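The residues making up each chain are set out below.
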Amino acid sequence: ETGVTQTPRHLVMGMTNKKSLKCEQHLGHNAMYWYKQSAKKPLELMFVYNFKEQTENNSVPSRFSPECPNSSHLFLHLHTLQPEDSALYLCASSQNRGTGELFFGEGSRLTVL
Amino acid sequence: QKEVEQNSGPLSVPEGAIASLNCTYSDRVSQSFFWYRQYSGKSPELIMSIYSNGDKEDGRFTAQLNKASQYVSLLIRDSQPSDSATYLCAVLKGGGTSYGKLTFGQGTILTVHP
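The present account deals with the structure reproduced in this document. It should be emphasised that the depicted structure is a prediction, and the values quoted were computed from it without experimental measurement.

### Quick look at the state of the cysteines
With the rule as written, the count across this model stands at two disulfides over all chains. Between the sulfur atoms of Cys23(B) and its disulfide partner Cys89(B) the distance amounts to 2.1 Å. Judged by the sign of its S-S torsion, about -75°, the bond between Cys23(B) and Cys89(B) is left-handed. Pair noted here: Cys23(B) is in strand E3 (residues 19–25) and Cys89(B) is in strand E9 (residues 85–93), with a separation of 66 residues, a long-range link. Exposure remark for Cys89(B): the relative accessible area of 0% places this residue in the buried category. In this structure Cys68(A) is not part of a disulfide, and its nearest cysteine sulfur, from Cys91(A), lies 9.0 Å away. Judged by its relative accessible area of 10%, Cys68(A) is buried.

What follows is the structure, given as structure tokens:
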């Protein structure tokens, strides 16, 4: 596989469920990101990891919990979400933190009922 | 004031015309500027980056930057229906607590009609 892959591509969950989104990059990059994309709103940065250390948490509610076990894998653990959390969640990677040249995965479309 | 502002459109141009997409940003410490293209149902894809004042050309695409006016634009020459997409302007801040933070605009929807 090449590039940035995300699973699952679609996810429907209830407000009391716990689920996880997975991202894997095969580009040899050192930085990984989670972005949220909602209709008619700009892409919102959620978390940044550089060399598997979290360098930014953009005031994200604690019901979103990221995990980065190594530079190639990134998870977003979800629990007790709200309907307004329904969105497209995009993972991205870059060679290093501090560059604007991001490579995005295809995204995970989340619907919270 | 939004950090990165784009006209959401939609911008409709005929095939073969020049499409002009504009973006303004509020923070003067911004150093690097990017244009991403996002097809419907797909993820954003980087198409242009520009770091210094002036023009940068890549095929049918030209990015223009004017830091004094805090303005960046993307011109698409000889527009094709396959250029129909949402174009996202992104700005990278270079200093302070926002080091390396990439901020996106809302995006401009471009439609190229045959």
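### What to know about the sheet that holds strand E8 (residues 73–79) of chain A
All names here are of chain A. Here we have four strands laid out as an open sheet, ordered E1-E3-E8-E7, and antiparallel in their pairing. Since the sheet does not close on itself, it has two edges, and those belong to strand E1 (4–7) and strand E7 (64–70), each with one partner. Strand-to-strand twist in this sheet, taken as the mean axis angle between neighbours without regard to direction, amounts to 15°. Alignment of strand E3 (residues 18–25) against E8, held across seven bridges, turns out to be antiparallel. Looking at the pairing, Lys-22 lines up with Phe-75 of E8.

### So, the environment of Pro14(B)
Residues and elements named next belong to chain B. Along the polypeptide, Pro-14 turns up in strand E2 (residues 11–14). Since its relative accessible area comes to 40%, Pro-14 is described here as partly exposed. C-alpha of Pro-14 to C-alpha of Val-91: the two residues are 77 residues apart in sequence and 29 Å apart in space. Look past the residues within four positions of Pro-14 in its chain and what remains in contact with it is Ser-79, Val-112 and His-113.

### Things to note about the interface of chain A and chain B
Counting residues at the interface gives 19 residues for chain A and 18 residues for chain B. Carbon and sulfur atoms supply 52% of the area buried between chain A and chain B, which totals about 1600 Å² over both sides. Here chain A and chain B share zero salt bridges between them. Between the two partners, chain A and chain B, sit six residue pairs in polar contact (both at pLDDT 80 or more).

### Examining the packing of aromatic side chains
Summed over all chains, the structure comprises nine aromatic pairs over all chains. Cluster of aromatic residues (ring-pair linked, three or more members): Tyr33(A), Tyr35(A), Phe104(A), Tyr36(B) and Phe104(B). When the ring centre of Phe61(B) is taken as origin, the NZ or CZ atom of Arg60(B), which lies over that ring, is 5.6 Å away.

### Comments concerning the nonpolar core
All names here are of chain B. Ranked by internal contacts, the top residues of the largest apolar core, which has 23 residues, are Trp-35, Val-72, Leu-74, Ile-76 and Tyr-87. Residue assignment for this core shows that the elements contributing at least two residues are E3, strand E4 (30–38), strand E5 (45–50), strand E7 (61–66), strand E8 (71–76), E9 and strand E11 (108–113). Contacts of Leu-74, omitting those with residues within four sequence positions, involve Ala-19, Ser-20, Leu-21, Trp-35, Ile-47, Met-48, Phe-61, Thr-62, Ala-63 and Tyr-87.

### With respect to the environment of Gln6(B)
Residue and element names in this part refer to chain B. Turning to its location among the elements, Gln-6 is positioned in strand E1 (residues 4–6). According to the relative accessible area criterion, Gln-6 is buried, its value standing at 9%. Through-space distance from the C-alpha of Gln-6 to that of Tyr-87 is 9.4 Å; in sequence the pair is 81 residues apart. Excluding residues that lie within four positions of it along the chain, Gln-6 makes contacts with Asn-22, Cys-23, Trp-35, Tyr-87, Leu-88, Cys-89, Gly-105, Gln-106, Gly-107 and Thr-108. At a separation of 2.9 Å, a polar atom in the side chain of Gln-6 contacts the main-chain carbonyl oxygen of Tyr-87.

What counts as what
- Residues numbered from 1 in each chain as written.
- Chains lettered and ligands numbered in written order.
- Predicted model: local features only at pLDDT ≥ 70, side-chain atom pairs only at ≥ 80, totals over all residues.
- Heavy atoms only, no water.
- Disulfide = S-S within 2.5 Å.
- Helix = DSSP H or I, 4+ residues; strand = E, 2+ residues; numbered from the N terminus.
- Buried < 20%, exposed > 50% of the residue type's maximum accessible area, 1.4 Å probe, protein only.
- Pairing = 2+ DSSP bridges.
- Axes fitted to C-alpha atoms, helices over the stretch in contact; angles between N-to-C directions.
- Contact = heavy atoms within 4.5 Å.
- Buried area = accessible area lost by both parts, 1.4 Å probe.
- Salt bridge = Lys/Arg side-chain N within 4 Å of Asp/Glu carboxyl O.
- Polar contact = N/O pair within 3.5 Å; in protein donor to acceptor, adjacent residues only side chain to side chain.
- Phe/Tyr/Trp six-rings, centres within 6.5 Å; stacked < 30°, edge-to-face > 60°.
- Lys NZ or Arg CZ within 6 Å of the ring centre and 35° of its normal.
- Core = buried A, V, L, I, M, F, W, Y, C linked by side-chain atoms within 4.5 Å.

Interpretation in functional terms is not warranted from these geometric data alone.
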